[in-house]
Amino acid sequence: MSNKKKIVLAEDNSTLSLLLKFRLQKEGYDLFIAADGKQAIELIEEHTPELILSDIMMPYISGLEVISHVRNKLEMKVPIIVFSAAGQEEMVLKAFNLGANDFMGKPFSPNELVIRVKRLLSS
Amino acid sequence: MDSSTVRIILLIIHILFFIYAFSVVFSYIFLSFISAIESSQYLKRNSFVNYNEILSSTVSPSISIIAPAYNESLNIIENVRSLLSSHYVNYDVIIVNDGSKDDSLEKLIKAYDLVNVNYLINYQVPTKPLRAGVFKSTNPAFEKLIVVDKENGGKADALNCGLNISQSKYVACIDVDCLLLEDALQKMIKPFLELTDVKVIASGGVIRIANACEIKEGKLININLPNKFIEIAQILEYLRSFLLGRMAWSRLNGLLVISGAFGMFDKKIAIDVGGYDTNTVGEDMEIIVRMRRRMEEENIKYRVAYIPDPLCWTEAPDNYKILISQRNRWTRGTIEVLKKHRKIGFNPKYKLLGILSYPYWFFYERLAPIIEVIGMLYFAVLIALDNVKWDYAFAFFVSAYLFTIMFTIIAIYSEELTYHQYTKKGTGFKLLLVTLLEPFVLHPFILYAAIKGNIDYYFNKKIKWGEMTRKGLSKTES
Amino acid sequence: MNDYQNILEYFNQLPTLVKVVWVISIALFTLILGLIAYLKILRINLRRNEIKRIKYQEIYEEHLINYLYAGDNIDEISTEQREFINKMKKDISIEFNRNILVAVMTKLVNDISGEVATAIYKLYTETGLIDYSLQKLKARKWEIIASGIYELTQFEVKHVYKEIEKLIKHPHKEVRNQAQLYLVNLFQFKGLKFLNDLEYQLSEWNQIQLLEILQKFDNQEITDITIWLKSTNISVVEFALKLAKVYNQFESKETLLELLRHDNKELKVQTINVLTYFYDTECKTYLKSNFHQSSESEQIAFFKLLENVAENSDEDFVIENISHPNFKIKLAALKILKDINPDKFNYLEIAKNNTDAKRIIEFIEHN
């Protein structure tokens, strides 16, 4: 049994998701990649990760619904960071209302993300 | 009557038929040509558009999706989910439950945590009264949803109710069982925002056939070509009509109809002209004609735009009985609309609308089935009198058939060169096979339905009115 | 041979018209055969290209990520990275591959900032992709020029701005649009200088795009918008009004008040909307005195403004408009009355035939 901390990453931009996966694996985390909200929920239910990273706009099920599902249906307290694009301020507010812990506005710096991930996972 | 008069009359009839046939061929070639130009320009113009930049909630205009529902209990939850997942930000979804007798409302309340709310309606267009009232969700994830429960009044009445409820600048009127792609709203709103020299009053979308496609949770996962002949034949029909016909008419700014299954309107204009007409079965065509007419009469430079991208997918009839009743209704709708707006036909005051669009619709849509039947009867008489010139008949028949085939193949080409939705191996062969057979297999049914529509319209008032009241929006009748 | 001769004989004795029809039919038939054959080839090619595209996309994605993590120092290019650059240089001489690589890089650069983004810009220059984009600017077809500008924008190539500025007056709308996006993406508010002497109309779509881009940046120091508010180009004024609202340009209020006297009705409505957002009270007197001459949309906009800033002194004016034929004005008037004089609102006598007003009052009371 590995003691690596598990992270589910839901992001429909495959290149970005690959980049972040490499980066976070380098930092010693165990990554599970979902290309849409539906896969994300499946992975979350299967692996009960220590952290969830999720884009707000995704095919099939939006990031908002993923948060809602995690907090209300699964009743998990796992920290969630959402990614949002410019002009989605309203969505970000909703994400916080639904129980997101932090957000990163796209475009963001992967280094900054790593710092925030570490902060959330160490506390 | 001596034989020379008869001969002259017959000659005139022959010449008229010939002119008609020739003009059909010519107009089809002309429209294909125009549509090719417009398609290639449309694709070029939109090849590097970043639709994400237009999503912002603060500045982009508001849109309401209005979807009337009548006894849709079976799929309503999924359908609403699909409508709620658009990537546009500043929009809401208004589901108008048009006096459904099933448990649609209860299902919606349960699935989306709805509660009855106090909602002040501005009755700008008269409609049937509300039944259970207006509902909204308590869950912020479904904040965009408004459900209205009203007494049954038919599709047009339900759409009008949605127009009254909507607070948005634009409305997208759709059939609730349609599946919209996530970027549909951005693409449809673009012409309204993009053109500076003319006023865009409406934009129409393409309807694609979803039979046999894999759909999960209101999302299109996989596009498949159906297996049944009747379904593939309708796909060909839709390709011809949407990718060749309407594309060309939009280029000429002569589009007379926007599919009722997916169209976007400037709400203010739609309300100013009085909303949808509840007295016709062709309400989708009627409102466009009326809006255009108003613009022409007020001398406003305007445009009805058209978006050829495959954004809206719907289930088409998969048996002849339902297909015939659908086409019967379309025929009656066309007759009613053309009759109601007779004034614009051949009237130069209405410019292109009066001298090109209306006549085209009148001769090649409205009269085509009638002329075809007359031709067949005439031919039958000639056979009976053993007076057929087989040399002529055979040669013309072969060339007409070949021409039909070629036109369909051009439609397939325009699909392959633009959107290429049917990517799987073997579908090309199937499409071609159906192309060859369609004139003999599907066409007779379409012709029969059109003739029946004419008969029902003129001689069967009871059916006409009977259907008015029970005219719902069941899936099969979309 | 006999058959052939029979057919030929039959054909020769036919009337001319029928002959013509047969010739047409044969031509159509040949054409159809040709089209069918080519359709087969077309479909095979489309399918192959799609498979190839996905394959290369995956390859390039992985290469790109490896490249980005291969360097230890962002200012230096490691040997490993140099190898990748050389390989790419060869690949991108084929247009198909070049487009895929650009697409992959664009997709990433859209969502990423900081060091990684800088590294990608550098890669764009080092591989020579930049030269292809620059070459496109000289093309004759507008769509190629536009896509060239688009690429230079994505990879933030600032030093070619002089070339792009020239294209801001290009006859084709899409080229102009891309040029504007370039300038604003790379130079933010400074890039808006082209508005000063813009002759073409800026579409609503363009305006939204430009605003979206401006809002992406941390530096929100806006330049003076007065010159644009005073522009003779209506669309520039519209855009400036949007800027005024988004960037809270209270200092431009004087100019806004002048705009209330503009000839264009739609512009006046938009100006009132901005003033509403500013909770402005100065404009009230003028708008009240002009109320009856203004269009219905202006009247509605004014009542929206009053909803924010009405005082007791507005009571008479508001009561006057409770029976206004427009529903929205009626609603606003009644709401305002309830705010400024609840007693009066409670004992308001409404004409019997004014059913809308009754419904509105009931609604307001229950909310």
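Under an unreviewed UniProt entry, the name given to chain C is HEAT repeat-containing protein, and the organism recorded is Lutibacter agarilyticus.

With an unreviewed UniProt entry as reference, chain A is termed Response regulator receiver domain-containing protein, source organism Lutibacter agarilyticus.

Asker: Which parts of the structure should I look at to understand the overall build of chain A?
Answerer: A tally of regular secondary structure across chain A gives 5 helices and 5 strands. The N-to-C order of helical and strand elements in chain A reads β-α-β-α-β-α-β-α-β-α. Relative to a compact globule of 123 residues, whose C-alpha radius of gyration would be 14 Å, chain A shows 13 Å and is just as compact. Viewed in the frame of its principal axes, chain A has a C-alpha envelope of about 35 × 30 × 30 Å. Residues counted as buried form 59% of the 123 residues belonging to chain A. Long-range contacts, defined here as pairs at least 24 residues apart, represent 62% of the contacts in chain A between residues at least 6 apart. Accessible surface computed for chain A: about 5200 Å², of which carbon and sulfur atoms make up 51%. Separation of charge centres in chain A, based on 15 positive and 16 negative side chains, amounts to 6 Å.

Asker: Can you help me understand the interface of chain B and chain C in this one?
Answerer: Contacts between the two partners involve 50 residues from chain B, matched on the other side by 48 residues from chain C. At the surface where chain B touches chain C, the tally comes to 2 salt bridges. The closest approach of N and O atoms between Glu416(B) and Arg43(C), which form a salt bridge, is 2.5 Å. Our enumeration of links across chain B and chain C arrives at 13 residue pairs in polar contact (both at pLDDT 80 or more). Breaking the side of chain B that touches chain C down by element, the ones donating at least two residues are helix 1 (3-45), helix 5 (184-194), helix 12 (390-418) and helix 13 (427-459) of chain B. The biggest single contributor to the side of chain B that touches chain C is helix 12 of chain B, with 16 residues. Among the residues making up the side of chain B that touches chain C, the classes are represented as 28 nonpolar, 13 polar and 9 charged.

Asker: Help me out: how do you make sense of the nonpolar core in this one?
Answerer: Ile95(B) and Leu243(C) are the most contacted members of the largest nonpolar core, which totals 275 residues. With residues near it in sequence (within four places) discarded, Leu243(C) still touches Phe189(C), Leu192(C), Leu211(C), Leu214(C), Ile222(C), Ile225(C), Trp228(C), Asn248(C) and Gln249(C). Listed in part, the 27 residues of the second largest apolar core include Met57(A), Val70(A), Val78(A) and Ala100(A).

Asker: Help me understand the packing of helix 1 (residues 14-26) of chain A against helix 4 (residues 95-111) of chain C in this model?
Answerer: In a pair of packed helices, the angle between the axes and the distance between the axes together describe the arrangement. Contact geometry for helix 1 of chain A and helix 4 of chain C: axes closest at 8 Å, N-to-C directions at 65°. Between helix 1 of chain A and helix 4 of chain C, the angle is such that the two are roughly perpendicular. The handedness of the crossing between helix 1 of chain A and helix 4 of chain C is right-handed. Contact residues: Ser14(A), Thr15(A), Leu16(A) and Leu19(A) in helix 1 of chain A; Val104(C), Lys107(C), Leu108(C) and Asp111(C) in helix 4 of chain C.

Asker: Just checking my understanding: could you explain a nonpolar patch on the surface for this structure?
Answerer: Residues and elements named next belong to chain B. Judged by side-chain polarity, Phe397, Phe429, Leu433, Leu436, Leu437, Phe440 and Val441 come together as a nonpolar surface patch covering roughly 660 Å² of accessible area. In this fold, Leu437 is placed in helix 13. What makes Leu437 partly exposed here is its relative accessible area of 39%.

Asker: Where do I start with the sheet that holds strand 11 (residues 262-266) of chain B in this structure?
Answerer: Strand pairing in a sheet takes place through backbone hydrogen bonds and is either antiparallel or parallel in direction. Residue and element names in this part refer to chain B. The strand order across the open sheet built from 10 strands is 3-4-5-2-1-6-11-8-12-7, with neighbouring strands paired in mixed fashion. A single partner strand is all that each edge strand has here, and the edge strands are strand 3 (114-117) and strand 7 (179-180). Here strand 4 (residues 130-137) runs beside strand 5 (residues 145-150); their pairing, made up of 5 bridges, is antiparallel. From the neighbouring strand, Lys136 faces strand 5, where its bridge partner is Ile146.

Reading the values: rules and limits
Residues numbered from 1 in each chain as written. Chains lettered and ligands numbered in written order. Predicted model: local features only at pLDDT ≥ 70, side-chain atom pairs only at ≥ 80, totals over all residues. Heavy atoms only, no water. Helix = DSSP H or I, 4+ residues; strand = E, 2+ residues; numbered from the N terminus. Rg over C-alpha atoms; globule rule 2.2 N^0.38 Å. Buried < 20%, exposed > 50% of the residue type's maximum accessible area, 1.4 Å probe, protein only. Contact = heavy atoms within 4.5 Å. Areas by Shrake-Rupley, 256 points an atom, 1.4 Å probe, with all protein chains shown as cover. Lys, Arg positive; Asp, Glu negative; His and termini not counted. Charge placed at Lys NZ, Arg CZ, Asp CG, Glu CD. Salt bridge = Lys/Arg side-chain N within 4 Å of Asp/Glu carboxyl O. Polar contact = N/O pair within 3.5 Å; in protein donor to acceptor, adjacent residues only side chain to side chain. Nonpolar A, V, L, I, M, F, W, Y, C, P; charged D, E, K, R; others polar. Core = buried A, V, L, I, M, F, W, Y, C linked by side-chain atoms within 4.5 Å. Axes fitted to C-alpha atoms, helices over the stretch in contact; angles between N-to-C directions. Parallel < 35°, antiparallel > 145°, perpendicular 65-115°, else oblique. Left-handed = near helix turned anticlockwise from the far one by under 90°. Patch = residues over 30% accessible without salt bridge, like charges linked within 9 Å, V, L, I, M, F, W, Y side chains within 5 Å. Pairing = 2+ DSSP bridges.

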